[in-house]
Structures are given as C-alpha cells and as structure tokens.
2 protein chains.
Amino acid sequence: MNRLLVATAAALAALASLPAAAQFQKPEDAIKYRQSSLTVMANHFGRVAAMAQGKVPFDAKVAADNAHVVATLSRLPFTAFGEGTDKGAPNRAKPEIWKEQAKFKDAAEKMAGEVAKLEAAAKAGNLDAIKAAVGAVGGSCKACHDDFRAEKYSN
Amino acid sequence: MNRLLVATAAALAALASLPAAAQFQKPEDAIKYRQSSLTVMANHFGRVAAMAQGKVPFDAKVAADNAHVVATLSRLPFTAFGEGTDKGAPNRAKPEIWKEQAKFKDAAEKMAGEVAKLEAAAKAGNLDAIKAAVGAVGGSCKACHDDFRAEKYSN
C-alpha cells in the first residue's frame, strides 16, 4: 500500500469507529441523513453566532444549550459519505470528497475540534471566547464547503 | 379565557421556553428543520432499537451514544410547528396539530419523557431496561404519527 492508501484507510477507520457510525440501506438514506444533520447543526450554530454578532441578546444558557446541540451533531454527517453515496438523491457533494478522502476527513475533524472549543466556551459562559470560537467554527464550515460542496444540486 | 385556551397558552409557553426554541424566517425553513431533526432522531433511535431487537449485537457504549443523540434532539422538532407552517414545502403535518395543540404538545412531551428513560437505561448499560424503553419510545412515536402525520405529503 502506498502512503496515500494508508492515510485513506486510516481516515476511513477513524470515521468507522465513530460512536454513532451510520449504517444506511440505500445511498439516498445516507444523503438524507447527512443533509438533515447538517441542516440542524447549521440552524443551532446560527443561533449562537447571532448572539456572538450581537444580533440577539446574549443568554448564556441558550448559548450553551445550542452549542451542545451543535457538538452532539458535529461528527454525524461525516459517517454518511461512504463510497457510492454521490448519487441517489439531489445533493451537492463534490467528487473531491471521495478523491481526496484524507483532506476531507481533516476538514471534518477541524470543524469538530472548533465546535468542541465553542461548546466549552459556551458552557463557561464566556462571550469573548464564544465570539472567537464562532469565528473559527464559521471559518471551518466555509473552508470545507469551498472545497467539497458544489454550488448546484445534482443527482 | 376558557380552560382550553388556558391549556393551549400553557402548552405554547412551554414550547416557547425550550432552550433551543427555534426562530425561522420562512415556513419552509421551519418545515425543513423539523423534518431534518426528526430524520436524524429516527435514524439514531433505529440503531438502539436494532440492538434491543437483537438485530445487531448489543454494545453498551454505542447504545448510550445513540440514545444521547436521540435525547438531545427529542424536543427540537416541536419548536418548528408554529402557526402558518402547515404550508411552504411538501410535508405531512395534519391540520390537527394546530386544531388540537394541547393534545399535540402532550404527545410530544410523552415522547421526550420516554426518550429520557431510554437515555438513562442506555447510560446504565441495562439491556432489559433499554428493551422496555425502546418499546415505549416506539409506541409514543407511533401514537403521535397516527394522530398528527398524514400518509401523503402535501404543500
């Protein structure tokens, strides 16, 4: 096995060992699941971000509760990008997800790591730390979307 | 205010006070959010149920992790059934959701209560208690679907 294959195998093993590793009967089930978990995650991240940006008043408990939802969901979508799930239902997954699996896995890990920091900051009720963490999480979302999410849906 | 209105107001107040109470710009956002959170919740409940039913080997950690996802999501969908969210995107919400709000809220609370028991059983690693709780959660899902979910999608 060359180095790339080893890295890919390690990345897949890490994904497979996630506590909530997904088992999907059909590609469309995986697509629906990953889109759903990303939708809910983005919604709750948006609520914390709105506080960090001063768009809504800061409420430490609400921030902590929402950050916990984001953290609980943060690793789930990436269990649902198995081989063959590029088609089956309209989706925006770029072929690069499967061509550059180690890079994709790194991007997912980066986001989950930033989300963990956000959860810790929100749990501590530290608005300055929340603001910094929201910026880092948002940056990690954008970086992954830039590389791995297409502008338009395809089947 | 008559008794029904008082009960309805209390139910709505309880929903509004949920830590992660949703704010949605458009009805279709609320519909997408509630469908997404129910999709993820059902998926993870299914993984615990499969263990309870002996379809996959029991793994206490996997059961506990999945039950925690279910519990974290269990109250979220019901923040997204506000007035006017019956239309806007294909969905299966019956008019009874808004006609019988106290009953709908009771059904949602019943499910969340059973899910809390499931999480406790899974955390304790007690398979017999998990089996009982899975049955109760499944029953609460079905009861609510029977009353409040249509067979076919409409806009």
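Our subject is the structure listed above.
Treat the numbers as computed from the prediction; the structure is a model and nothing was measured. (Residues numbered from 1 in each chain as written. Chains lettered and ligands numbered in written order. Predicted model: local features only at pLDDT ≥ 70, side-chain atom pairs only at ≥ 80, totals over all residues. Heavy atoms only, no water.)

**Q** Is there a simple way to explain the state of the cysteines in this structure?
**A** Residue and element names in this part refer to chain A. As enumerated under the stated definition, the model contains zero disulfides over all chains in all. Summary of cysteine pairing: Cys-144 is not part of a disulfide, and the nearest cysteine sulfur, belonging to Cys-141, is at 8.4 Å. Taking relative accessible area as the criterion, Cys-144 reaches 12% and is therefore assigned buried. (Disulfide = S-S within 2.5 Å. Buried < 20%, exposed > 50% of the residue type's maximum accessible area, 1.4 Å probe, protein only.)

**Q** Whenever I open this one, the pattern of salt bridges confuses me. Can you help?
**A** Tallied over the full model, the rule gives 16 salt bridges over all chains. When the shortest N-O distance is used, the salt bridge between Glu-109 of chain A and Arg-75 of chain A registers 2.9 Å. Residue Glu-109 of chain A is located in helix α5 (residues 101-124), and its partner Arg-75 of chain A is located in the loop between α3 (60-73) and β1 (91-93); the two are separated by 34 residues in the primary sequence. Taking the relative accessible area as the measure of exposure, Glu-109 of chain A reaches 32% and is therefore partly exposed. Exposure remark for Arg-75 of chain A: the relative accessible area of 35% places this residue in the partly exposed category. Among the ionic pairs, Asp-65 of chain B bridges to Lys-61 of chain B, the shortest N-O distance being 2.7 Å. (Salt bridge = Lys/Arg side-chain N within 4 Å of Asp/Glu carboxyl O. Helix = DSSP H or I, 4+ residues; strand = E, 2+ residues; numbered from the N terminus.)

**Q** Sorry if this is basic, but what is going on with the packing of helix α2 (residues 27-52) of chain A against helix α2 (residues 27-52) of chain B here?
**A** Where α2 of chain A meets α2 of chain B, the axes come as close as 8 Å, and the angle between the chain directions of the two elements is 120 degrees. Classified by the angle between their axes, α2 of chain A and α2 of chain B sit oblique to one another. Read as a crossing pair, α2 of chain A and α2 of chain B show a hand that is left-handed. Where α2 of chain A abuts α2 of chain B, its residues Lys-32, Tyr-33, Ser-36, Ser-37, Thr-39, Val-40, Asn-43, His-44 and Arg-47 of chain A lie against Lys-32, Tyr-33, Ser-36, Ser-37, Thr-39, Val-40, Asn-43, His-44 and Arg-47 of chain B. A class-by-class count of the residues in the contact of α2 of chain A with α2 of chain B yields four nonpolar, 10 polar and four charged. (Axes fitted to C-alpha atoms, helices over the stretch in contact; angles between N-to-C directions. Parallel < 35°, antiparallel > 145°, perpendicular 65-115°, else oblique. Left-handed = near helix turned anticlockwise from the far one by under 90°. Contact = heavy atoms within 4.5 Å. Nonpolar A, V, L, I, M, F, W, Y, C, P; charged D, E, K, R; others polar.)

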